[in-house]
Amino acid sequence: QVQLVESGGGLVQAGDSLKLSCAASGSTFSINVMGWFRQTPGNERELVATITSGGSTNYADSVKGRFTVSRDNVKNTVFLQMSSLKPEDTAVYFCYAFTRAYRTYWGQGTQVTVSS
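Residues numbered from 1 in each chain as written. Predicted model: local features only at pLDDT ≥ 70, side-chain atom pairs only at ≥ 80, totals over all residues. Heavy atoms only, no water.

> When you look at the sheet that holds strand β1 (residues 2–7) in this model, what are you seeing that I'm missing?
Spatially, the four strands line up as an open sheet ordered β1-β3-β8-β7, and their pairing is antiparallel. Since the sheet does not close on itself, it has two edges, and those belong to β1 and β7 (67–72), each with one partner. This sheet shows a mean twist of 15° between the axes of neighbouring strands, independent of strand direction. Alignment of β7 against strand β8 (residues 77–82), held across six bridges, turns out to be antiparallel. Counterpart to V69 in the pairing with β8 is L80. (Pairing = 2+ DSSP bridges. Helix = DSSP H or I, 4+ residues; strand = E, 2+ residues; numbered from the N terminus. Axes fitted to C-alpha atoms, helices over the stretch in contact; angles between N-to-C directions.)

What follows is the structure, encoded as structure tokens:
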């Protein structure tokens, strides 16, 4: 089992920056991929960014050049640095972990609201 706890959400203005953190605990040795998804009411959860244990990253086109995902494998923590935020980035952001046993874990979600 893996537990994920996010922090860092909040209310910001368009153009501002915000950094999310997600700390993993439990069977962290089994984690391969970590990252972030987001969801707005009435919509499916969508990928924002992921990073493998080796440091390979993947981003949604809508956040490329504005968001940066990083990872501290020693502290089992993944970060999402968000810059040039737009109102359309408003969503609940969920931390994600995918293990070598092909199991998926989610955090509880943290609200990010960007006002215009």
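> How should I be thinking about the pattern of salt bridges in this particular structure?
Oppositely charged side chains can form a pair if their charged atoms are brought close together. As enumerated under the stated definition, the model contains four salt bridges in all. R38 is paired through a salt bridge with D89; the nearest N and O atoms lie 3.0 Å apart. Remark: D89 occurs in the loop between β8 and β9 (91–99) and R38 occurs in strand β4 (residues 31–39); sequence separation between them is 51 residues. No difference in accessibility class separates R38 from D89, as the two residues are buried. Between D89 and R66 there is a salt bridge whose closest N-O contact spans 2.8 Å. Of the two residues, D89 sits in the loop between β8 and β9 while R66 sits in the loop between β6 (57–59) and β7, which places them 23 residues apart along the sequence. (Salt bridge = Lys/Arg side-chain N within 4 Å of Asp/Glu carboxyl O. Buried < 20%, exposed > 50% of the residue type's maximum accessible area, 1.4 Å probe, protein only.)

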